[in-house]
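An overview of the molecular structure
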Amino acid sequence: MTPVVLALDVGGTKVLGGLVTPAGEVLRTREASTAAPGGADPGLRTTRDVARRLAGDASGVGEVVAVGAGFPEYVRAGELRSHEVLAWTGQPAGLLAAVVPGVPCVVESDVRCGAIGEAVLGAGAGLRSVLYAAWGTGLSSTVVLDGRPLTGERGEAIALGELGVSSVVDAGWEGNLERYASGQGVAERYSALTGDAVRGAVDVARRAAGGDACAAAVLESAGRAVGTALGWLVAVLDPAAVVLGGGLGTATTPAADAARQAYDDTVARRPHPPSLIPARLGSRAGLIGAALAAVVQTRG
């Protein structure tokens with residue numbers, strides 16, 4: 001039978017699961033909402049349910065040889081180390097091992113999974129080093145070197161959003177980059193300026209497209225902040241390329257345009273700056289990366 005990885009990309013609003021070949025081909029998918037008051041996916045019940053359904057699907061698709069899962073938390077040595085998004089109560093490796101007994105289970109940070117997918121099979125394919133940034137509801141990043149993500153000593157080398165905002169962009173801002181430029185941050189800043197409640201950056205982008213000058217200004221400032229921060233990281237890391245993913249990173253909005261311009265301005269003094277390129281795998285980057293992470297780690 002065809003060997004497949006039971007892969008999971010767990011987020012604050014949904015979990016996307018799939019049966020994925022070791023080469024990254026997605027054969028079957030399932031999806032469910034994780035949104036809940038007080039923290040997403042309480043007890044990881046939805047994650048476990050999606051995994052069970054996929055394990056049942058596998059009988060007609062292939063043989064599950066590993067489980068790979070990405071979570072929106074700090075992860076070190078296969079264990080969740082934070083409660084930033086999910087209302088988890090037990091480590092996912094144990095829960096998932098009970099769903100598919102006898103196969104290796106690899107747990108990673110969701111941004112590292114997305115980075116692996118893009119570095120190996122997406123926009124960074126063929127490059128030795130990639131700086132990947134996921135710019136959506138949140139804001140995080142990972143460096144991938146020779147197909148493997150750099151996790152850091154404590155598993156915390158993902159916190160792009162903890163950087164500050166350049167004073168050139170907003171001299172009066174006192175919070176971090178995530179609160180300023182993430183999808184949630186964009187929505188909150190727009191609401192604070194206008195008094196109008198919005199459901200997220202998608203609503204702000206829709207208003208900008210309709211001629212709302214305040215919405216456009218909030219998006220543009222977010223883009224300048226992100227593009228500048230990525231330029232700072234290039235000065236430290238010198239990757240072969242920077243891959244920009246996530247909903248805000250790949251959408252056609254004033255935010256993405258401003259990010260690219262600010263990035264170009266920030267790295268302009270370098271003789272051969274790395275290109276800033278959009279991610280190519282779309283919403284399946286994390287799913288594919290979770291499968292690849294499981295394949296790489298189980299092979300050693």
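1. Description of the state of the cysteines
Taken as a whole and assessed by the stated rule, the structure comprises zero disulfides. Looking at Cys105, it has no disulfide partner, and the nearest cysteine sulfur is the one in Cys113, 11 Å off.

2. Considering the pattern of salt bridges
A side chain with one charge may pair with a side chain of the opposite charge, provided their charged atoms come close. Under the counting rule described, the total for this entry stands at ten salt bridges. Where Asp203 meets Arg199, a salt bridge forms, and the shortest distance between an N and an O atom there is 3.6 Å. Overlapping salt bridges bring together Arg199, Asp203 and Arg206 as one network.

3. Looking at the sheet that holds strand E10 (residues 148-149)
The five strands lie next to each other as E10-E9-E8-E11-E12, forming an open sheet whose pairing is mixed. Because the sheet does not close on itself, it has two edges, and the strands there are E10 and strand E12 (275-278). Two elements, strand E9 (residues 139-145) and E10, share two bridges in a ladder whose sense is antiparallel. In the sheet register, Val144 faces E10, and the bridge partner there is Pro149. In the packing of helix H7 (residues 213-237) onto the sheet, contacts are made with strand E8 (129-135), E9, strand E11 (241-245) and E12, and the angle to E8 comes to roughly 155°. Running over the sheet, helix H9 (residues 254-267) touches E8, E11 and E12 and is turned about 165° from E12.

4. Regarding the pairing of strand E1 (residues 3-10)
Among the eight residues of E1, seven are classified as buried, and the element is accordingly described as predominantly covered. Here E1 runs beside strand E4 (residues 63-71); their pairing, made up of seven bridges, is parallel. In the strand pairing of E4, Leu8 is matched with Ala69. Remark: three residues form the turn of the hairpin made by E1 and strand E2 (residues 14-20), two consecutive strands paired antiparallel.

5. Here we look at the sheet that holds E4
Sheet architecture is open: five strands sit in the order E3-E2-E1-E4-E7, paired in mixed fashion. Looking at the sheet topology across the chains shown, the edges are occupied by strand E3 (26-33) and strand E7 (105-109). Averaged over all pairs of adjacent strands, the angle between strand axes in this sheet comes to 15°, irrespective of strand direction. Helix H1 (residues 45-57) rests against E1, E2, E3 and E4 of the sheet, and its axis sits at about 150° to E3. Here helix H2 (residues 92-99) sits on the sheet and contacts E1, E4 and E7; the angle it forms with E7, its principal contact strand, is near 145°.

6. Focus on the side chain of Asn176
Tracing the sequence through the fold places Asn176 in the loop between E10 and helix H4 (177-181). Side-chain polar atoms of Asn176 contact the backbone nitrogen of Arg179, separated by 2.9 Å. Contacts of Asn176, omitting those with residues within four sequence positions, involve Gly161, Glu162, Leu163 and Val165.

7. Some remarks on the nonpolar core
Nonpolar side chains in soluble globular proteins tend to end up buried together. Trp135, Leu160, Leu177, Leu219 and Leu230 are the most contacted members of the largest nonpolar core, which totals 38 residues. For this core, the secondary-structure elements that each account for two or more residues are E8, E9, H4, helix H5 (183-194), helix H6 (201-209), H7, E11 and H9. Broken down by element, the residue count for this core peaks at eleven residues, all from H7. Core analysis: the next-biggest nonpolar cluster, separate from the first, contains 26 residues, Val4, Phe71, Leu80 and Val100 among them.

What counts as what
- By convention here, each chain's residues receive numbers from 1 onward along its written sequence.
- Reporting in this predicted model follows two pLDDT cut-offs: at least 70 for local features of residues, and 80 or more for side-chain atom pairs to be given and counted; totals over whole chains, interfaces and linings ignore these cut-offs and use all residues.
- To obtain the side-chain values, all non-hydrogen atoms of the structure were used and water was disregarded.
- Disulfide assignment relies on a single distance test, namely cysteine sulfur atoms paired within 2.5 Å.
- Salt bridges, as used here, are contacts in which a Lys or Arg side-chain nitrogen is within 4 Å of a carboxyl oxygen on Asp or Glu.
- The rule for pairing is simple: two strands pair if DSSP sees at least two bridges between them.
- Strands are runs of DSSP state E lasting at least two residues, helices are runs of H or I lasting at least four, and both sets are numbered from the N terminus onward.
- It only takes one pair of heavy atoms within 4.5 Å for two residues to be counted as in contact.
- With axes taken as lines fitted to C-alpha atoms, and helix axes fitted only over the stretch in contact, angles between N-to-C directions fall between 0 and 180 degrees.
- Three labels apply to residues, based on accessible area from a 1.4 Å probe with only protein chains included: buried if under 20% of the type maximum, exposed if over 50%, partly exposed otherwise in between.
- N or O atoms closer than or at 3.5 Å make up a polar contact, with two conditions inside protein: a donor-capable atom paired with an acceptor-capable one, and, for residues adjacent in sequence, both atoms drawn from side chains.
- The definition of a nonpolar core used throughout is a set of buried Ala, Val, Leu, Ile, Met, Phe, Trp, Tyr and Cys residues joined through side-chain atoms within 4.5 Å.

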